[in-house]
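# Chains, contacts and geometry: an overview
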Amino acid sequence: MTADIVPESLAETGPIPTGPIPTDESPITEARRVGPLFQPTHPLALAPVSAPPHSVDGFVREFLRELNTGQGVALSRSTVNDQYLALARTVRHYLMARWLETLKHNRSSKAKTVGYLSAEYLLGRQLGNALLATDLNDVAEKALAACGLDLATLRAQEVEPGLGNGGLGRLAACFIDSLATMSVPCIGYGIRYEYGIFRQTFVDGRQVEQPDTWLALGGPWEFPHPEAAVEVEFGGHTESYDDNGTERTRWVASWNVLGIPYNYMVPGYQNGRVNTLRLWSAQATKAFDLAIFNSGDYAEAVRAQTFAENITKVLYPEDSTPQGKELRLQQQYFFVACSLHDFIEQMLEDDFDLHQLPERIVFQLNDTHPVIAVPELMRILVDEKKFDWDEAWAITSKCFAYTCHTLLPEALETWSVELMGRLLPRHLEIIYRINDEFLEQVRETYPDDELRARRMSIVADYPSRAVRMAFLATVAGIKVNGVAELHSQLLAEKVLPDFSEFFPDKFTNVTNGVTPRRFIKLANPFLSNLITDTIGVGWVTDLDRLAELEPYAEDEDFRRAFRKAKEQNKTRLYSILRTRDGIDLPDGHLLDVMVKRLHEYKRQTLKLLHVVTLYDQIISGRVDPKDVLPRTVVFGAKAAPGYRMAKDTIALINAVATTINNDKRVGGRLALAFPANYNVTLAEKLIPAADLSEQISLAGMEASGTGNMKFAMNGALTIGTDDGANVEIRRFVGNDNFFLFGMLEPEVEALQASGYQPSRLYEEDADLKAAIDLIASGAFSDGDRGTFEPVVSNLLYQDRFMALADYRSYLEAQEKVEKAYVNKEAWTKSAILNVARSGYFSSDRSMRDYLGRIWGASPDH
């Protein structure tokens, strides 16, 4: 392929270099080429934003060419999926040259790179984000209209990659978006799950998991590179050998798989930079045995392929069985082994001195899933590169930083010594030595405190021998951070107190953030246009500028326009739910939304008790329906497949919804909806429409939350506890614009210590007793008292996360909500102030904090 036949979209992105041009569409191939890299004759620079052909005619030509030559169909015979795939690849062309130029620039500048290691990435649909990043939306819309097509129809055809479970994956996606927008060199590393998180359906109100076949109709945003496969080994044993007088250890593995990289573009917002997300898929090294096949044993002939591909088959395989636990550890080691090999062998120069590795890369461990990367880097340096132990540890201990995303002890991952020794024997040996040397330091510092040394040991002896991955990450990391001020405080004081005392300078905080590109500009065009019309452009990459909206909270015309945007978002949402789920929601209601992973600590049951209380007050005659504020409550949540209580809670919510929505006594004043399969795509429509954001976890349980930030940015008021990032949201938006309720964290601890008795609260509060009795009576289960008995008994006799303790305070806060919502002008003013004061919660700010406090990296323009 020579310059004279470069596709038009590439030729117009900037000066065309003379000589041969790489024909592969992804940077990794170029990195693997033998011989000198191609050097352009013009100065290396990122392609200017205005370079791609933004003309309607040019876009039409590109689109039709993709449809004809890529899909092999004429427009008149094409399906909607043909049209979507052709459109996606057309938009891809506008990013391609920038992507290649970004990689060349990174290689030339040798700037420090962020390697973001995450088991989850909830990316959302890619087409809309790519159109936004390239400023092509209007051009694409007009070009498709000229072809008789509708852009919205084609956008709806895209199936989002379900490569995450919730906030962890969505946060990772926000962070890599911000790093690209800020021109920071970054490679995101993760797993290309074939099925991802399950597709949630409801059968008789109960959650049923279906495979998430997100790749079934094609994946136009990914670039597979089987020629760049990495071999990953498992099992076997270790042995010592003499290496010219030095005793060394080699790992003799018993089986291996191949890791195939799939590259995704991560475009910055209209700045010419395109970073890379590299996801790994497992394949067998010998996928097919022809001799066995010919013998007639067809299943055995492909057994190796099936076994290998299981590693990346699904997100978080159910791990209540030994096989499930082993598969999870296989997943974790597989993706970090591929990622470390990729960076060291492919991203660095051939003559690079690995002593300088901390100057070129910092690997951020997004929770404990990738922590096995620590002994893997030590293995590479000591066993493969022949470094001595001390110099290898000096390098390794400067290359990793660890983000903890939990306060729940059961969420701090551990692996049994037996499993790790069987699956990764060399890594267990390395962990033992890291632990021995660390405990020597502990005992030197605290010579008469053996119990402390046992508490801090990376390898636990009780109740069973296990490797504590959070401890390993803390010992090896340059920094350990929580994700909200309160979380970071509790992390240091209660979760890892011995370590924060031993490493006082290692612990820090970086409060989470979300990308305003996707969650305001893309998700909420009505509000985005109003903001731009009011304060001008530029706020999308400088969210602190939203503060300029604050004076307009006093402007009657602006408040009217703000309410109109909210109503437009509601109209859009209701139309989508009607088509998507067959759900009809009433107009004129307060839209009260609780969307998050279903877990007891997030307390969906507390929200449901409030709904049941409102219903009971109406049907008992204690309250006239006409005196009830019209309210629609929307839940969105998935429960882990093996989490019985969470799945019972979903069934109860759906049962309550069916009863309330069909009871004429309610008089249209209360409605409840639970659309199935909540995901990023639905979030982009639901969040902008919400009036009230439910952030009601027990104080001291939520690490941060990011949904709370998205709602505030889009003009919803929060009802919440002083937990996670709620604390900071309330501080920024003001007490008058936030409905606070519930115990503070010290009060929670005191109540637990005194012996919490939820049944006593049930007896003492008439409204609470009536609500629980109504559920227990079978009113929501066709008279069957046993259907929801597990939920009722859990509330009365366990209630681990104290929903009953905060029930009365929650109802009182909801009464304040009702009074406030009646005053439309005052409510709108508060909503505007939530938007105006939410600039701090941009993921751009989070990235600046990571860069300055942890990574020691900087933008590379």
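Below you will find a few notes about this structure. These numbers come from a predicted model, not from an experiment.

## Re the overall build of the protein chain
- Scanning the protein chain from terminus to terminus reveals 36 helices and 23 strands.
- Whereas a compact globule of 861 residues would reach a radius of gyration of roughly 29 Å, the protein chain reaches 28 Å, a difference of no more than 12%.
- If you line up the protein chain on its principal axes, its C-alpha atoms span 85 × 75 × 65 Å.
- Per-residue burial for the protein chain yields a buried fraction of 61% across its 861 residues.
- Sequence-distant contacts, at least 24 apart, represent 76% of the contacts inside the protein chain between residues at least 6 apart.

## Considering the environment of Lys 769
- Structurally, Lys 769 is set in helix H32 (residues 766-776).
- Of the residues examined, Lys 769 reaches a relative accessible area of 29% and is grouped as partly exposed.
- Spatially, the C-alpha atoms of Lys 769 and Asn 271 are 58 Å apart, while their sequence positions differ by 498 residues.
- Apart from the residues within four sequence positions on either side, Lys 769 is in contact with Tyr 762 and Glu 763.

## What to know about unusual backbone geometry
- The linkage connecting Tyr 462 with the following residue, Pro 463, adopts the cis geometry, with an omega of 0°.
- The residue Pro 463 is located in the loop between strand S14 (459-460) and strand S15 (466-468) in this model.
- Even without a glycine there, the phi angle at Asp 204 is positive, about 55°.
- Even without being a glycine, Asp 367 presents a positive backbone phi close to 75°.
- Its place among the elements puts Asp 367 in the loop between strand S11 (361-366) and helix H14 (373-384).

## What about the packing of helix H25 (residues 604-619) against helix H34 (residues 803-822)?
- As a packed pair, H25 and H34 sit with axes 10 Å apart at the nearest point and diverge in direction by 60°. Classified by the angle between their axes, H25 and H34 sit oblique to one another. Pair H25 / H34 crosses with right-handed handedness. For the pair H25 and H34, the contacting residues are Thr 605, Leu 606, Lys 607, Leu 609, His 610, Thr 613 and Leu 614 in the first and Ala 803, Leu 804, Asp 806, Tyr 807, Tyr 810, Leu 811, Gln 814 and Glu 818 in the second.
- Among the residues making up the contact of H25 with H34, the classes are represented as 8 nonpolar, 4 polar and 3 charged.

## A closer look at H34
- Here H34 is 20 residues long and its end C-alpha atoms lie 27 Å apart, about the 28 Å a rise of 1.5 Å per residue gives.
- Helix geometry: H34 is bent most strongly at Ser 809, by close to 30°.

## As for the environment of Val 80
- Within the fold, Val 80 resides in helix H4 (residues 80-109).
- Each residue touching Val 80, except ones within four places of it in the same chain, is listed here: Thr 153, Leu 154 and Gln 157.

## A look at the packing of H14 against helix H17 (residues 425-445)
- Put simply, H14 and H17 touch, their axes get as near as 9 Å, and they point 100° apart. Judged by the inter-axis angle, H14 sits roughly perpendicular to H17. Packed against H14, whose contacting residues are Val 374, Pro 375, Glu 376, Met 378, Arg 379, Val 382 and Asp 383, the element H17 presents Arg 426, His 427, Ile 430, Ile 431 and Ile 434 at the interface.

## Side note on the packing of aromatic side chains
- Counted under the stated rule, the structure contains 28 aromatic pairs.
- Aromatic pair Phe 471 and Phe 499: ring centres 4.7 Å apart, planes at 55°, arrangement tilted. Of this pair, Phe 471 sits in helix H19 (residues 469-476) while Phe 499 sits in helix H21 (residues 497-502), and the two are 28 residues apart along the sequence. Both residues of the pair, Phe 471 and Phe 499, belong to the buried class.
- Taking the centre distance of 5.6 Å and the plane angle of 80° together, the rings of Phe 732 and Phe 841 count as edge-to-face. In this pair, Phe 732 sits in helix H29 (residues 726-733) while Phe 841 sits in the loop between helix H35 (824-836) and helix H36 (843-855), placing the two residues 109 residues apart along the sequence.
- For Phe 732, a relative accessible area of 31% translates into the label partly exposed.
- The class of Phe 841 is buried, set by a relative accessible area of 2%.
- Here the aromatic cluster, defined as three or more aromatic residues joined through ring pairs, consists of Phe 438, Tyr 446, Phe 471, Phe 499, Phe 502 and Phe 503.
- Note that Lys 710 overlies the ring of Phe 519, its terminal NZ or CZ placed 4.4 Å from the centroid.

## Some words on the sheet that holds strand S20 (residues 670-673)
- Taken together, 6 strands build an open sheet; the order of strands is S20-S19-S18-S21-S22-S23 and the sheet is parallel. Where the open sheet ends on each side, the last strands, each with one partner, are S20 and strand S23 (738-740). Recorded for the sheet is a direction-independent mean angle of 20° between the axes of neighbouring strands.
- Inspection of the sheet shows strand S21 (residues 692-695) paired to strand S22 (residues 717-720) by 4 bridges, in the parallel sense. Bridge pairing in S22 links Leu 692 to Leu 717.
- Taken strand by strand, H29 contacts S21, S22 and S23, and its axis lies near 130° from that of S23.
- Docked against the sheet, H35 engages strand S18 (590-595), S21, S22 and S23, running at close to 85° with respect to S22.

## Here we look at the side chain of Glu 120
- Along the chain, Glu 120 turns up in the loop between strand S1 (113-117) and helix H5 (126-134).
- As a buried residue without a salt bridge, Glu 120 has its nearest oppositely charged side chain in Arg 597, at a separation of 7.4 Å.
- Polar side-chain contacts of Glu 120 include one of 2.6 Å to the backbone nitrogen of Asn 165.
- Reaching out from Glu 120, the side chain makes a polar contact with the backbone nitrogen of Gly 169 at a distance of 3.3 Å.
- The contact partners of Glu 120, leaving out residues within four places of it in the chain, are Leu 163, Gly 164, Asn 165, Gly 166, Leu 168, Gly 169, Ala 172, Leu 315 and Tyr 316.

## Structural notes on the sheet that holds S15
- Strand order in the open sheet formed by 3 strands is S13-S15-S14, with antiparallel pairing between adjacent strands. Each end of this open sheet is capped by a strand with a single partner; those strands are strand S13 (414-416) and S14.
- The pairing of S14 with S15 spans 2 bridges and is antiparallel. What sits directly across from Val 459, in S15, is Val 467.

## Some thoughts on the nonpolar core
- In this structure, Phe 334, Leu 357 and Trp 855 are the most contacted members of the largest nonpolar core, which totals 156 residues.
- With 12 residues, the single largest contributor to this core is helix H12 (residues 322-347).
- Here Leu 357 is in contact with Phe 343, Leu 348, Phe 352, Leu 377, Ile 395 and Cys 399, once residues within four sequence places are set aside.
- Core analysis: the next-biggest nonpolar cluster, separate from the first, contains 104 residues, Tyr 269, Leu 408, Met 645 and Val 817 among them.

## Notes on the pairing of strand S19 (residues 631-636)
- Where burial is concerned, most of S19 is hidden: 6 out of the 6 residues are buried.
- Residues Arg 631, Val 633 and Phe 635 line one face of S19 and the alternating positions Thr 632, Val 634 and Gly 636 line the opposite face, and both faces are buried.
- Note that S18 and S19 share 6 bridges and pair parallel. Looking across to S19, one finds that Leu 591 is bridged to Thr 632.
- One crossover worth recording links S18 to the parallel S19 by way of H25, and it is right-handed.

## Here's the deal with the side chain of Gln 200
- Residue position: Gln 200 is located in strand S3 (residues 199-203).
- Sequence-distant contacts of Gln 200, that is, excluding residues within four places in its chain, are made with Gln 207, Val 208, Ala 637, Lys 638, Ala 639, Ile 650, Ala 676, Asn 677 and Tyr 678.

## Considering the pattern of salt bridges
- Here the structure, examined in full by the defined rule, presents 57 salt bridges.
- Two residues, Asp 767 and Arg 622, come together in a salt bridge whose shortest N-O distance is 3.3 Å. Within this pair, whereas Asp 767 is found in helix H32, its partner Arg 622 is found in the loop between H25 and S19, the two being separated by 145 residues in sequence.
- Take Asp 767: its relative accessible area is 18%, and that puts it in the buried class.
- Arg 622 gets classed as partly exposed once you look at its relative accessible area, which sits at 45%.
- Here Asp 648 and Arg 644 are joined by a salt bridge, their closest N and O atoms 3.1 Å apart. On the criterion of helical spacing, the pair formed by Asp 648 and Arg 644 is a turn pair, its members being 4 residues apart in helix H26 (residues 644-661).
- Overall, the relative accessible area of 2% leaves Asp 648 in the buried class.
- What makes Arg 644 exposed here is its relative accessible area of 58%.

How each quantity is defined
- Residues numbered from 1 in each chain as written.
- Predicted model: local features only at pLDDT ≥ 70, side-chain atom pairs only at ≥ 80, totals over all residues.
- Heavy atoms only, no water.
- Helix = DSSP H or I, 4+ residues; strand = E, 2+ residues; numbered from the N terminus.
- Rg over C-alpha atoms; globule rule 2.2 N^0.38 Å.
- Buried < 20%, exposed > 50% of the residue type's maximum accessible area, 1.4 Å probe, protein only.
- Contact = heavy atoms within 4.5 Å.
- Axes fitted to C-alpha atoms, helices over the stretch in contact; angles between N-to-C directions.
- Parallel < 35°, antiparallel > 145°, perpendicular 65-115°, else oblique.
- Left-handed = near helix turned anticlockwise from the far one by under 90°.
- Nonpolar A, V, L, I, M, F, W, Y, C, P; charged D, E, K, R; others polar.
- Expected span 1.5 Å × (residues − 1).
- Bend = angle between axes of the 7 residues up to and from the residue.
- Phe/Tyr/Trp six-rings, centres within 6.5 Å; stacked < 30°, edge-to-face > 60°.
- Lys NZ or Arg CZ within 6 Å of the ring centre and 35° of its normal.
- Pairing = 2+ DSSP bridges.
- Lys, Arg positive; Asp, Glu negative; His and termini not counted.
- Salt bridge = Lys/Arg side-chain N within 4 Å of Asp/Glu carboxyl O.
- Polar contact = N/O pair within 3.5 Å; in protein donor to acceptor, adjacent residues only side chain to side chain.
- Core = buried A, V, L, I, M, F, W, Y, C linked by side-chain atoms within 4.5 Å.
- Right-handed = clockwise from strand over helix to strand, strands pointing away.

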